[in-house]
Amino acid sequence: MDDCIFCRIAAKVIPSDIVLEDDDFVAFRDAQPKALQHVLVVPREHIASLNDLEHRPEGMGDALMRFIVKLAKELGIDESGYRALTNVGPDGGQEVQHLHFHVLGGENLGDVR
Ligand code: 5GP
Ligand code: ZN
C-alpha cells in the first residue's frame, strides 16, 4: 500500500535501521525506542493487524514467531529476556495500521500493564 509507512519502510522507500530481514519479514529499530533494544517486526505484505492473520496462509504466524526468536538471538537478548507484543485496534493503542510486533529488551522491562 503506497500510503502505508511500514510498507514503505519494508520496501526501503523510506530509510530505516534494519536489523534483520528475510523474504517475508523485516525488523527495524523503532524511531522512539521505549527500551535499550526496541525493534519492530513487520510482514512485507500489508496486513492491517493481527485480526487479519486468519485470512493469510496457514503457517504465517508460526514463521513470524520463528523470525522473532531469530531476531532476539541476533540482538543477543534471547537469554537475558525480552518482550514481544502487538497492539491491536483503538483500545490496544495501535497507531500504525500495518501488523507489527514490538520486540523490547536489553534491560529489565518491569511488569506488563
Ligand atoms: P503502535 O502504537 O502502532 O503499536 O506502534 C507504532 C510504533 O511505530 C511506535 O513505537 C513508533 O515509535 C513507531 N514508528 C512510527 N513511525 C515510524 C517510522 O517512520 N519509523 C520507525 N522506525 N518507527 C516508527
Ligand atoms: Zn502496510
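Placed above this text is the structure.
Residues numbered from 1 in each chain as written. Chains lettered and ligands numbered in written order. Predicted model: local features only at pLDDT ≥ 70, side-chain atom pairs only at ≥ 80, totals over all residues. Heavy atoms only, no water.

Draft legend 1. Representation of the environment of Val-41. Structurally, Val-41 can be placed in strand β3 (residues 37–43). Distance from Val-41 to His-100, taken between C-alpha atoms, is 5.3 Å for residues 59 residues apart in sequence. The residues contacting Val-41, other than those within four sequence positions of it, are Val-26, Ala-27, Leu-64, Phe-67, Ile-68, Leu-71, Leu-99, His-100, Phe-101 and Val-103. (Helix = DSSP H or I, 4+ residues; strand = E, 2+ residues; numbered from the N terminus. Contact = heavy atoms within 4.5 Å.)

Draft legend 2. Expanded view of the site of ligand 1. Inspection of the region around ligand 1 gives 17 residues, with Asp-30, Asn-87, Glu-95, His-100 and His-102 positioned closest. Asp-30 places a polar side-chain atom, nitrogen or oxygen, 2.5 Å from an oxygen atom of ligand 1. In the environment of ligand 1, an oxygen atom lies 3.0 Å from a nitrogen or oxygen atom belonging to the backbone of Gly-93. Of all the elements in the fold, those that place two or more residues in the shell around ligand 1 are α1 (5–10) and β2 (25–29). The biggest single contributor to the shell around ligand 1 is α1, with 3 residues. Residues that form the shell around ligand 1 fall into these classes: 7 nonpolar, 6 polar and 4 charged. (Near = heavy atom within 4 Å. Polar contact = N/O pair within 3.5 Å; in protein donor to acceptor, adjacent residues only side chain to side chain. Nonpolar A, V, L, I, M, F, W, Y, C, P; charged D, E, K, R; others polar.)

Draft legend 3. View of the coordination of the zinc ion (ligand 2). Only Cys-4 (SG), Cys-7 (SG), His-46 (ND1) and His-98 (ND1) from the protein coordinate the zinc ion (ligand 2), and they sit 2.0 to 2.3 Å from it. Every donor counted, the 4 donor atoms about the zinc ion (ligand 2) form angles of 104 to 117 degrees at the centre, which fits tetrahedral coordination. (Donors = N, O, S within 2.8 Å, 3.2 Å for Na, K, Ca; no water. Tetrahedral: all angles 85-135°; square planar, octahedral: opposite > 155°, others 65-115°.)

Draft legend 4. Examining the packing of aromatic side chains more closely. Following the criterion strictly, the structure yields 2 aromatic pairs and no others. Considering the side-chain rings of Phe-6 and Phe-28, the 5.4 Å spacing of their centres and the 75 degrees angle between planes classify their relative orientation as edge-to-face. Of this pair, Phe-6 sits in helix α1 while Phe-28 is found in strand β2, placing the two residues 22 residues apart along the sequence. Across the pair, Phe-28 and Phe-6 agree in class, each one buried. Aromatic pair Phe-25 and Phe-67: ring centres 5.5 Å apart, planes at 45 degrees, arrangement tilted. Note that Phe-25 is positioned in strand β2 and Phe-67 in helix α2 (residues 60–75), a separation of 42 residues in sequence. By relative accessible area, Phe-25 is classed as buried at 2%. (Phe/Tyr/Trp six-rings, centres within 6.5 Å; stacked < 30°, edge-to-face > 60°. Buried < 20%, exposed > 50% of the residue type's maximum accessible area, 1.4 Å probe, protein only.)

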